[in-house]
Amino acid sequence: MRSKDIALVALFAAIMVVLGLVPLIELPLVPAPFTAQTLGVMLAGSILGARRGGLAILLFVVLVVIGLPVLPGGRGGIGVILGPTGGFVLAYPVGAFVTGLITEWLWRRYNLAAALLANAVGGALVLYVIGVPWMSASAGLPLGKAITGSVVFLPGDLAKVIVASLTAVTVRRAYPLVKPA
């Protein structure tokens with residue numbers, strides 16, 4: 001990796017840490033809080049692309065696993081990973097990678113619609129597909145209840161998809177960092 005790539009990976013890992021300073025919001029029905037860090041997952045993938053975005057968020061997850069208090073509420077450590085929210089945290093790098101991959105595939109015709117698709121699939125759908133079953137298993141919830149309980153996250157995730165998409169399209173125009181696939 002070039003120095004520029006390393007700096008961008010570190011920068012987006014730091015953005016994830018800063019987004020962890022936003023207080024978590026506990027929601028009824030599910031043992032997982034609403035956080036701002038999924039926005040960071042979307043931004044990393046849609047601005048840096050698959051490889052660098054995935055690496056940035058993987059670096060952040062390593063910080064969580066080794067115990068640094070970088071999640072909202074000052075949480076971190078293997079206990080968080082083994083708990084109900086661990087699947088979402090482990091899904092973060094996959095979500096950033098998928099977001100970046102879709103962004104790269106659509107790069108030549110990248111616009112707001114493409115950005116919305118990339119962020120919704122990678123930054124939301126992938127996280128739900130991995131995180132909800134993990135939450136169900138670790139919290140002892142029936143999968144159906146975990147799925148229906150997760151519906152409360154949809155409005156916030158929709159807002160984050162929109163913000164990340166608008167940001168990615170603006171950054172692409174001003175300073176494109178993604179290389180087309």
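Everything that follows concerns the structure shown earlier in this document.
Just so it is clear, the model here is predicted, and its values are computed rather than measured.

Asks: Can you walk me through helix α3 (residues 50-65) in this structure?
Replies: Each α-helix winds once per 3.6 residues, and so residues spaced three or four apart point in a common direction. Its 16 residues give α3 an end-to-end C-alpha distance of 22 Å, which sits within 8% of 22 Å, the value for a rise of 1.5 Å per residue. Residues of α3 that are buried: A50, R52, G53, G54, A56, I57, F60, V61 and V64. Structurally, α3 contributes buried residues whose contacts are with α1 (3-19), α2 (37-48), α4 (78-82) and α5 (86-105). Backbone geometry just after α3 places G67 at a positive phi near 105 degrees.

Asks: What am I meant to see in the environment of S138 here?
Replies: Note that S138 resides in helix α6 (residues 112-139). What makes S138 partly exposed here is its relative accessible area of 33%. With 57 residues separating them along the chain, S138 and I81 place their C-alpha atoms 10.0 Å apart. Not counting the four nearest positions on each side in its chain, S138 is found in contact with L82, G83 and P84.

What counts, and at which threshold
Residues numbered from 1 in each chain as written. Predicted model: local features only at pLDDT ≥ 70, side-chain atom pairs only at ≥ 80, totals over all residues. Heavy atoms only, no water. Helix = DSSP H or I, 4+ residues; strand = E, 2+ residues; numbered from the N terminus. Expected span 1.5 Å × (residues − 1). Buried < 20%, exposed > 50% of the residue type's maximum accessible area, 1.4 Å probe, protein only. Contact = heavy atoms within 4.5 Å.

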